[in-house]
Structures are given as structure tokens and as C-alpha cells.
Amino acid sequence: WHEQSSSNVFEFYGVSFLNPTKGYIVGSNGTLIETGDGGKTWKSVSNPRDEGGTAVRRIQFEGEMSWKAALGFYDLCFSTPQRGWGIGEVGKIMHTSDGGETWIGQDSGDMMVGFNNLYGVYFCDAKVGWAVGAAGTVIKTADGGKTWTVQNAEPDELRGVFALNPQTAWIAGDQGSIYATRDGGDTWTRQVTPASEKLQGIFFINDKEGWAVGNKGTIVHT
């Protein structure tokens, strides 16, 4: 590993690359930075001084939602080289369909979701994805984020999500909790884990083998 310079003072929470050279990082204070040379140089897309969320042309939240542009980002996922999503504070959802050149705000369509922080997002293709967050928030889209459906897991704080396909997905969260679905999220079943610490991220390489990681150096494997 070699350190790279971001020229940024805020916390970073999520990273996603479209290809070996172009990628994005998200973080606190609405931070969105990009690289086009594999991280040798990074530049800011967002403007931390833009509290009203209207000055950055590449980030667009319509009407009364413009202030969400300045809220923190917690995760980022590109499902294709063109289509990506970022999520964050107070139900913040942002989408790009042109490889990150422009980012457009999306609405979950649910008032309660709009009050909860979203911590994890994952899309298994250009249309189907999940976002999870505080107070057991689980939302799914099957149309690229045009509409979102609220699903029910448990009232744990949910931090990470991974989908192998539109039917098979896992969520990781508080107190070592992992939830799984085999029916597209219609039902979520809590799985038995040896972990008690908060799990922050989860990833599977097939329908059997995966890892979840979390606080105090926790790693669990199945």
C-alpha cells in the first residue's frame, strides 16, 4: 500500500471505481472527490462552503431539497461504468448516469426514511439495488432509483449491504447482526454470527462464501 494525497481535510467513508483509473470517494460535509489517473491526483467535485447546495453545477438537488447537497456521504456504489449511487445523512440519495460527470438527487418517497441516515448502498445491476441505515432502514429499487420500496428487517442500525443478484442479498449491522434474503427482500432472516461488535461492511464472492467486518478489528467469514 502507498499513501496518496487527497488535498482534503474531511473524513472519507466510501470509495468506488468505474475502471482502473477513474474513481470517486465520498465523505463528511458533502465531500465528493474524483480521480482520473488511478489516484495519483484527486480533485474535489463538491464545495464544502456551499451550504445551500446550489453552487456546484455537477451536483443537483431539486427545489427545497438543494440543502441535501451539503450533507455528508457515507457510501458509494457504481453498478456499471456509467451508473452510480451515493447515500448519506438524512436520507440523502444521489445518482449519476454519466460516469460521475453530473449527480442528481433522488427521493426515497418515504417520510420516515427521509429522517434517517443511510449508511450502506449496493446495486447488483443498473436497476436493482438496496440502501440501508439507521433505525433498521431498508429500501430497495428495481428501476434505478426512480422509485424505492421500504422493506423490513429489524430495528438494528444497519451499516452495510451486498447483493449477489436481484434475489440474494445480505445486510450487516449493530451487535454483530447479519440478515439475509433469498426472495428479493420480501423476507429478511437474521443469521447466527459469533460477533457482538457493530459490523460495518459485508461482501460475498458467491452464494456461499463471504466476509463481514466491523468495530474493534472484527472479521467474520462464512
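Everything that follows concerns the structure shown earlier in this document.
Residues numbered from 1 in each chain as written. Predicted model: local features only at pLDDT ≥ 70, side-chain atom pairs only at ≥ 80, totals over all residues. Heavy atoms only, no water.

Draft legend 1. Representation of the nonpolar core within the structure. Formed by 14 residues in total, the largest nonpolar core has its most connected members in Ile 87, Ile 93, Leu 118, Val 121, Ala 131 and Ile 139. Of all the secondary structure elements, the ones that give two or more residues to this core are strand E6 (73-78), strand E7 (84-88) and strand E10 (118-123). The element that contributes the greatest number of residues to this core is E10, accounting for four residues. In this view, Ile 93 contacts Phe 61, Trp 85, Gly 86, Ile 87, Ile 104, Gly 105, Gln 106, Ser 108, Leu 118, Ile 139 and Trp 148; residues no more than four positions away in its chain are not counted. Counting residues in hydrophobic clusters, the runner-up holds 13 residues, among them Val 26, Phe 61, Phe 73 and Phe 78. (Core = buried A, V, L, I, M, F, W, Y, C linked by side-chain atoms within 4.5 Å. Buried < 20%, exposed > 50% of the residue type's maximum accessible area, 1.4 Å probe, protein only. Helix = DSSP H or I, 4+ residues; strand = E, 2+ residues; numbered from the N terminus. Contact = heavy atoms within 4.5 Å.)

Draft legend 2. Region of the structure containing the pattern of salt bridges. Going through the model one piece at a time under the given rule, you end up with seven salt bridges. A salt bridge links Lys 198 to Glu 157; the shortest N-O distance between them is 2.9 Å. Of this pair, Lys 198 sits in the loop between strand E17 (189-191) and strand E18 (199-204) while Glu 157 sits in the loop between strand E13 (149-152) and strand E14 (158-163), and the two are 41 residues apart along the sequence. Residue classification places Lys 198 among the partly exposed positions, given a relative accessible area of 21%. (Salt bridge = Lys/Arg side-chain N within 4 Å of Asp/Glu carboxyl O.)

Draft legend 3. Examining the environment of Val 132 more closely. Mapped onto the elements, Val 132 comes out in strand E11 (residues 129-133). Along the backbone, Val 132 and Gly 144 are twelve residues apart, and their C-alpha atoms lie at a distance of 16 Å. Filtering out sequence-adjacent residues up to four positions away, Val 132 remains in contact with Leu 118, Tyr 119, Gly 120, Thr 137, Val 138, Leu 158, Arg 159, Gly 160, Val 161 and Ile 171.

Draft legend 4. Focus on the sheet that holds strand E1 (residues 12-17). Taking strand neighbours across the sheet as the criterion, the four strands line up as E1-E2-E3-E4 in an open arrangement whose pairing is antiparallel. The sheet terminates laterally at E1 and strand E4 (43-44), the two strands that pair on one side only. Sheet topology note: the strand E3 (residues 32-35)/E4 ladder contains two bridges and is antiparallel. Across the sheet, Ile 33 pairs through a bridge with Ser 44, a residue of E4. (Pairing = 2+ DSSP bridges.)

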